[in-house]
Amino acid sequence: GNSVTQMEGPVTLSEEAFLTINCTYTATGYPSLFWYVQYPGEGLQLLLKATKADDKGSNKGFEATYRKETTSFHLEKGSVQVSDSAVYFCALTKGTSGTYKYIFGTGTRLKVLA
Amino acid sequence: EAQVTQNPRYLITVTGKKLTVTCSQNMNHEYMSWYRQDPGLGLRQIYYSMNVEVTDKGDVPEGYKVSRKEKRNFPLILESPSPNQTSLYFCASSPTSGNSLEQYFGPGTRLTVT
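Residues numbered from 1 in each chain as written. Chains lettered and ligands numbered in written order. Predicted model: local features only at pLDDT ≥ 70, side-chain atom pairs only at ≥ 80, totals over all residues. Heavy atoms only, no water.

**Q** Where do I start with the state of the cysteines in this structure?
**A** A covalent bond between the sulfur atoms of two cysteines is what we call a disulfide. Applying the stated rule across the entire model yields 2 disulfides over all chains. Here C23 of chain A engages in a disulfide with C90 of chain A; their sulfurs sit 1.9 Å apart. Negative torsions about the S-S bond denote left-handed disulfides, and the value of about -70° found for C23 of chain A with C90 of chain A makes this one left-handed. Linking C23 of chain A in strand β4 (residues 23–26) with C90 of chain A in strand β10 (residues 86–96), this pair joins segments that are 67 residues apart in sequence. Relative accessible area serves as the criterion here: at 1%, C90 of chain A is assigned to the buried category. Between the sulfur of C23 of chain B and that of C91 of chain B lies a disulfide, 1.8 Å long from S to S. Sign of the S-S torsion, about -70° for the bond between C23 of chain B and C91 of chain B, identifies this disulfide as left-handed. Residue C23 of chain B is located in strand β3 (residues 19–25), and its partner C91 of chain B is located in strand β9 (residues 87–94); the two are separated by 68 residues in the primary sequence. With respect to class, C23 of chain B is no different from C91 of chain B; both count as buried. (Disulfide = S-S within 2.5 Å. Helix = DSSP H or I, 4+ residues; strand = E, 2+ residues; numbered from the N terminus. Buried < 20%, exposed > 50% of the residue type's maximum accessible area, 1.4 Å probe, protein only.)

**Q** Can you walk me through the environment of T93 of chain A in this structure?
**A** When you line up the elements, T93 of chain A lands in strand β10. Placed 91 residues apart in sequence, T93 of chain A and N2 of chain A show a C-alpha to C-alpha distance of 8.8 Å.

**Q** Got a minute to help me understand the sheet that holds strand β8 (residues 76–78) of chain B in this structure?
**A** Hydrogen bonds between backbone groups are what pair the strands of a sheet, and the pairing can be parallel or antiparallel. Residues and elements named next belong to chain B. With antiparallel pairing, the 4 strands of this open sheet are ordered in space as β1-β3-β8-β7. For this open sheet the edge positions go to β1 (4–7) and β7 (65–66), each flanked by a neighbour on one side alone. Of the pairings in the sheet, the one linking β1 to β3 comprises 4 bridges and is antiparallel in character. Counterpart to T5 in the pairing with β3 is S24. (Pairing = 2+ DSSP bridges.)

**Q** Quick question: what am I supposed to make of the nonpolar core here?
**A** When a protein is soluble and globular, its nonpolar side chains tend to lie buried together. All names here are of chain A. Among the nonpolar cores identified, the biggest contains 27 residues, and L19, W35, L48, F73, L75 and Y88 are the most heavily contacted of them. Only β2 (11–14), β3 (19–21), β4, β5 (32–38), β6 (44–50), β8 (62–65), β10 and β12 (108–113) provide two or more residues apiece to this core. Not counting residues up to four positions away in its chain, the partners in contact with L48 are L33, F34, W35, G57, S58, N59, F62, E63, A64, F73 and L75. (Core = buried A, V, L, I, M, F, W, Y, C linked by side-chain atoms within 4.5 Å. Contact = heavy atoms within 4.5 Å.)

**Q** Looking at this structure, I do not really get the packing of aromatic side chains. What am I missing?
**A** Each aromatic ring pair is summarised here by two numbers: the centre-to-centre distance and the angle between the ring planes. Applying the stated rule across the entire model yields 15 aromatic pairs over all chains. Ring centres of F62 of chain A and Y88 of chain A lie 5.6 Å apart, and the angle between their planes is 40°; this geometry places the pair in the tilted category. Highlighted residues: F62 of chain A in strand β8 and Y88 of chain A in strand β10, separated in sequence by 26 residues. Residue classification places F62 of chain A among the buried residues on the basis of a relative accessible area of 2%. Measuring from ring centre to ring centre gives 5.9 Å for Y64 of chain B and Y89 of chain B, while their planes differ by 65°; the resulting arrangement is edge-to-face. (Phe/Tyr/Trp six-rings, centres within 6.5 Å; stacked < 30°, edge-to-face > 60°.)

**Q** Can you walk me through the interface of chain B and chain A in this structure?
**A** When the parts come together, some accessible area is lost, and that loss is often what is quoted as the size of the interface. Contacts between chain B and chain A engage 23 residues on the former and 21 residues on the latter. Roughly 1800 Å² is buried in total at the junction of chain B and chain A, and carbon and sulfur atoms are behind 54% of that figure. Across the chain B-chain A interface, the total number found is 2 salt bridges. A salt bridge links K49 of chain A to E102 of chain B, with the nearest nitrogen and oxygen atoms 2.3 Å apart. (Buried area = accessible area lost by both parts, 1.4 Å probe. Salt bridge = Lys/Arg side-chain N within 4 Å of Asp/Glu carboxyl O.)

**Q** Sorry if this is basic, but what is going on with the side chain of S72 of chain A here?
**A** Here S72 of chain A shows up in the loop between β8 and β9 (75–77). A polar atom in the side chain of S72 of chain A sits 2.8 Å from the side chain of T70 of chain A. (Polar contact = N/O pair within 3.5 Å; in protein donor to acceptor, adjacent residues only side chain to side chain.)

**Q** What is the right way to look at the sheet that holds β8 of chain A in this model?
**A** All names here are of chain A. Pairing within the open sheet is antiparallel, and its 4 strands lie in the order β3-β9-β8-β7. At either end of the open sheet lies a strand with only one pairing partner, and these are β3 and β7 (56–59). Pairwise comparison of adjacent strand axes, ignoring direction, gives a mean angle of 15° for this sheet. As paired elements, β7 and β8 share 4 bridges and run antiparallel to each other. Opposite G57, over in β8, you have A64 as the bridge partner. (Axes fitted to C-alpha atoms, helices over the stretch in contact; angles between N-to-C directions.)

Printed below as a string of structure tokens:
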């Protein structure tokens, strides 16, 4: 079945450091891929998405590129801030016969130190 | 304001006492879904609904029921709660236009079953 694997955390960085959070997936065909962010005590918010191979999603300085050949969707940011501290979830959805199950990774906690 | 609301936000109950968690969205979204979030397991989809009167199982449907009688509401029913259903529950909704299914999440309901 479909699955998402993302790197375990926590990831601890100093402010202005470069961030990479790895995400790989298993799915037949061409799923849509997402990164969601969860700030403490809140629900998840969509951070960025990509719906086809080689698409690059971007938002708030974060980027991720849909790589079909490596089945990956790694999240990157060039310079993190303390306010980026949160849990990040990689996810996919893949329509089969007109229905859409949603699969999330286990989440990666990011801590950014001033 | 466009939003997904859940009630109650916190609930402590006893084993076997039926309960319902309500979910409502005001964005006229076709797709709605329930998730549970557990440490180390990320988010797991319980049930989802593509539209009124159309529901389908996610990855962890056992012990839960849902109904979709109106487009805006998608209640989650636990007929006989057990301690292993202690978790943080999220409702989400999504438009289905464009096929990307980017989701909008509610604030969460923390359920404790003793």
